[in-house]
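So the chains spell out like this:
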Amino acid sequence: MTVRKKGNRWYCRFQIDGVRYERRCSTATDEKSALKAEAVIMTEIMRGDLNYAKAKKAPKLQDGIDLYTQYSKGNKLSYKSDLFYIDKALQFFGKNCLLENMTPAKIEEYKIWLKTYTVIRKIKLNNPEYGKNGCRKQYIYKEIEIEKTRANSTINRHIEMLSKMFNLCIDNGLITFNPCRSVKQLREENFKIRFLTIEEEKELFKAIEAPHTDAAGNITYPYIHLKPLVVCALQTGMRRGEIFSLKWSQIDFNNGFIEVLKTKSGKARKIPISPRLDLLLKEILATSNSEYVFINSATNKPYVDIKNAFSTVLEKANIKNFRFHDLRHTVATRMVESGADLLVVQEILGHDNIQTTMRYAHPVPENKKRAINYLSNLY
C-alpha cells in the first residue's frame, strides 16, 4: 500500500491479485486520512466495485524488455550485444517477474549469478579401441563442462542495460523508481593494452600466407583472405565492423582518405589512406564487382565473422591472448609511440573522449623521458 502527496492532493496506489489500482483520495487532507481513504477504496474493490478505481495490470519484466528492445534496435549499433544481456536477464528473473519486485537486493543477487557460468567443450581423446575388433576411429570426442568467470566490466554492462530499461519504463509511466540507482558498480580492472610487436606481426603474416597441401596434392592458401582485412586494420585502426561494412563509395582516392560513416559513436570520421593501403585497395578494386570492399568468396557477401580463421592463424603464429580488436590497439600504440599528437590519434580512431586515447600513452615511457629531457635542455 502506498499513499503520496502531489501538490495539495493525496493519491493511493496498491495491488490486488496482480492488478494495480490508482486513485485520488478526494477526502484526504493528510497522510493519516489518506491511508483511511485507501482502506475504504480497497474494501470497495474487493466487494466488486471495479469502477471505483482505475485498474492497471502491474508491469512485468517483459514489458520493460519490449521497451528496451525497441529503443536499442533503433538507436544502438550494439543491438546484438544487447540481445545477449536481455536473454540473461530473462533467464534469471523470468519474463513474468513484476518490475516492482526487482529490488536492489534482487539485482545484487543477479550480479552474483552472472559472475560464474558453465560452457560445454568437446575434447579430443585417443580411442583405446583403435585397431581392435575392426574399429577404425583413432580419436573419440568427449563433452566436458568448464566453469568460467565473467569480468567485472561485463557484469557492469549487464546492470547498465537493466538501468536503462528501468529509465525507459519511468519515462513511459510504468514505474516511478529505478532500483539500479541503489546498486553499486563493480570495480573494473585497469585497462590492459595488448598490441602486436613487429616480430609478432611478421609471424602473423607468415601464418596467413602459408600454403597448405591437401590429400590430392593440391596447394591452397586457406587463410590468405585474412590478409587484406588485417592490412586494413593495421593501416587505419578501424573497428572490425567498420571494415566489414566498408563500401567503395566511402573511399576517396583523389584526396586520399576513407570516410567512416557507421561508427560506434555515431559521428563520421575521415582516415587518411597510407601508401600501402592505397596499393591494396586499388588491387582489390581492379577485380571487384561489389559495392563492398571486402567480400567473402564463399558467400559473395560482406564478411560477418572471421573468428575461427583468425584464431587458427594466431595459433600457428604462436601469438597468445590476442583478438582482432587488438589490431586497433596496435595502431593506437604505434601512432602514440611515433610522437603523434593525441588529438590527431583521437580523431583517427574516433574516440569520443580524449581519456580513452590517453590510455595508449601509458606503455610508451620514451615519451615521458623525451618530455623530461626537454626541460633539461632549456638551460
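Note that this is a predicted model, so its numbers are computed, not measured.

Draft legend 1. Expanded view of the environment of I41. With respect to the helices and strands, the residue I41 is situated in helix 1 (residues 31–46). When the C-alpha positions of I41 and V230 are compared, they lie 69 Å apart, and in sequence the two are 189 residues distant.

Draft legend 2. Structural detail: the pairing of strand 2 (residues 9–16). In this sheet, strand 2 lies alongside strand 1 (residues 2–6) in antiparallel orientation, the contact comprising 5 bridges. Bridge pairing in strand 2 links K6 to R9. Taking the residues that link successive antiparallel strands as the turn, the strand 1-strand 2 hairpin has 2 residues, and the phi of G7 there is positive, at about 70°. Relative to strand 3 (residues 19–24), strand 2 is paired through 6 bridges, and the arrangement is antiparallel. Note on strand 3: the bridge partner recorded for I16 is V19.

Draft legend 3. Region of the structure containing unusual backbone geometry. Positive phi values are uncommon outside glycine, yet N300 reaches one of about 60°. Here N300 shows up in the loop between strand 12 (295–296) and strand 13 (301–302). Given the relative accessible area of 60%, N300 is considered exposed. Even without being glycine, N321 reaches a positive phi, approximately 50°.

Draft legend 4. Region of the structure containing the pattern of salt bridges. One pass over the structure, following the stated rule, counts 17 salt bridges. Salt-bridge contacts for E160 lead to R157; the nearest nitrogen and oxygen are separated by 2.9 Å. Of this pair, E160 and R157 both sit in helix 5 (residues 152–171), 3 residues apart, which is roughly one turn of that helix. A residue is classified by how much of its surface remains accessible, and R157, at 28% relative accessible area, is partly exposed. The partner of K247 in a salt bridge is E291, with the nearest N and O atoms 3.6 Å apart. In this pair, K247 sits in the loop between helix 8 (240–244) and strand 9 (251–252) while E291 sits in the loop between helix 9 (275–287) and strand 12, placing the two residues 44 residues apart along the sequence. For K247, a relative accessible area of 25% translates into the label partly exposed.

Draft legend 5. Molecular detail of helix 4 (residues 104–115). In this model helix 4 runs 17 Å from its N-terminal to its C-terminal C-alpha over 12 residues, within 8% of the 16 Å that 1.5 Å per residue would give. Of the residues making up helix 4, those classed as buried are I107, Y110, K111 and L114. Take helix 4 and look down its axis: the buried residues cluster within an arc of 105°, on one side only. Pointing more than 90 degrees away from the buried face of helix 4 are the exposed residues A105 and I112. Contacts made by the buried residues of helix 4 are with helix 3 (79–93), strand 5 (116–126) and helix 5.

Draft legend 6. Quick look at the packing of helix 2 (residues 61–75) against helix 5. At a closest axis distance of 9 Å, the pairing of helix 2 and helix 5 adopts a crossing angle of 100°. Put simply, helix 2 runs roughly perpendicular to helix 5. Residues L61, G64, I65, L67, Y68 and Y71 of helix 2 lie in contact with helix 5, whose contacting residues are M161, K164, M165, L168 and C169. A breakdown of the residues in the contact of helix 2 with helix 5 according to their chemical character gives 9 nonpolar, 1 polar and 1 charged.

Draft legend 7. Region of interest: the packing of aromatic side chains. Summed over all chains, the structure comprises 9 aromatic pairs. Ring geometry for Y110 versus W113: centroids 6.0 Å apart, planes at 20°, classification stacked. Taken together, the residues Y110 and W113, both in helix 4 and 3 residues apart, mark about one turn of the helix. An aromatic cluster is defined as three or more aromatic residues linked by ring pairs; in this entry it consists of F92, F93, Y110 and W113. Over the ring of Y71 we find K164; its NZ or CZ atom is 4.7 Å from the centre of that ring.

Draft legend 8. Molecular detail of the packing of helix 7 (residues 226–236) against helix 11 (residues 326–337). Their axes nearest at 7 Å, the elements helix 7 and helix 11 cross at an angle of 35°. As helix 7 runs across helix 11, the sense of the crossing is right-handed. Residues V230, A233, L234 and T236 of helix 7 pack against L327, T330, V331 and R334 of helix 11. Here the residues of the contact of helix 7 with helix 11 are counted per class, giving 5 nonpolar, 2 polar and 1 charged.

Draft legend 9. A look at a nonpolar patch on the surface. Nonpolar side chains collect at one region of the surface, where I219, Y221 and I224 lie side by side and expose about 300 Å² of accessible area between them. In this structure, Y221 sits in the loop between strand 8 (219–220) and helix 7. A relative accessible area of 44% means that Y221 is categorised as partly exposed.

Draft legend 10. View of the nonpolar core. Ranked by internal contacts, the top residues of the largest apolar core, which has 49 residues, are V230, I258, L281, F294 and L327. If you list the elements that add at least two residues to this core, you get helix 6 (198–209), helix 7, helix 8, strand 10 (257–260), helix 9, helix 10 (307–316), helix 11 and helix 12 (342–349). Per-element tally for this core: the top contributor is helix 7, with 7 residues. Beyond its immediate chain neighbours, meaning those up to four positions away, F294 contacts P228, L229, C232, I243, L246, L281, I284, P302 and Y303.

What counts, and where the lines are drawn
Numbering of residues starts from 1 in each chain and follows the order in which that chain's sequence is written. Residue-level local features of this predicted model are given only where pLDDT is at least 70; pairs of side-chain atoms are given and counted only at 80 or more, and the full residue set underlies all totals for whole chains, interfaces and linings. Note: side-chain values were computed over all heavy atoms of the structure, leaving out hydrogens and water. Only runs of H or I of at least four residues qualify as helices and only runs of E of at least two qualify as strands under DSSP, and these elements are numbered from the N terminus. Paired strands, as defined in this entry, are two strands with at least two bridges between them according to DSSP. Residue exposure (1.4 Å probe, protein chains only): buried if accessible area is under 20% of the type maximum, exposed if over 50%, otherwise partly exposed. We define a salt bridge as a contact between a side-chain nitrogen of Lys or Arg and a carboxyl oxygen of Asp or Glu at a distance within 4 Å. Helix span, as expected, comes to 1.5 Å for every residue beyond the first. Think of it as the arc spanned by the lines of direction from the helix axis to the C-beta atoms. Every residue pair with non-hydrogen atoms within 4.5 Å of one another is taken to be in contact. Working convention: axes come from line fits to C-alpha atoms, limited for helices to the stretch in contact. Angles between N-to-C directions cover 0 to 180 degrees. Note on angle classes: values under 35 degrees are labelled roughly parallel, values over 145 roughly antiparallel, values of 65 to 115 roughly perpendicular, and the remainder oblique. Three categories are distinguished: nonpolar for Ala, Val, Leu, Ile, Met, Phe, Trp, Tyr, Cys and Pro, charged for Asp, Glu, Lys and Arg, and polar for the others, with Gly belonging to the last. Within 6.5 Å between ring centres, the rings of Phe, Tyr and Trp (the latter by its six-membered ring) count as paired, and their orientation is classed by plane angle as stacked under 30 degrees, edge-to-face over 60, tilted in between. The criterion is that NZ of a Lys, or CZ of an Arg, lies within 6 Å of the ring centre and within 35 degrees of the ring normal, and then a charge sits over that ring. Crossings are sorted by hand: turned counterclockwise from the far helix by less than a right angle, the near helix makes the crossing left-handed, and turned clockwise it makes it right-handed. A patch consists of residues exposed above 30% relative accessible area that lack any salt bridge, with like charges linked at up to 9 Å and nonpolar side chains (Val, Leu, Ile, Met, Phe, Trp, Tyr) linked at up to 5 Å. With residues, only the protein chains shown are counted as cover, and all accessible areas are computed by Shrake-Rupley using a 1.4 Å probe. As used here, the term nonpolar core means buried Ala, Val, Leu, Ile, Met, Phe, Trp, Tyr and Cys residues forming a set that is joined through side-chain atoms within 4.5 Å.

Just distances and angles here, no functional claims.
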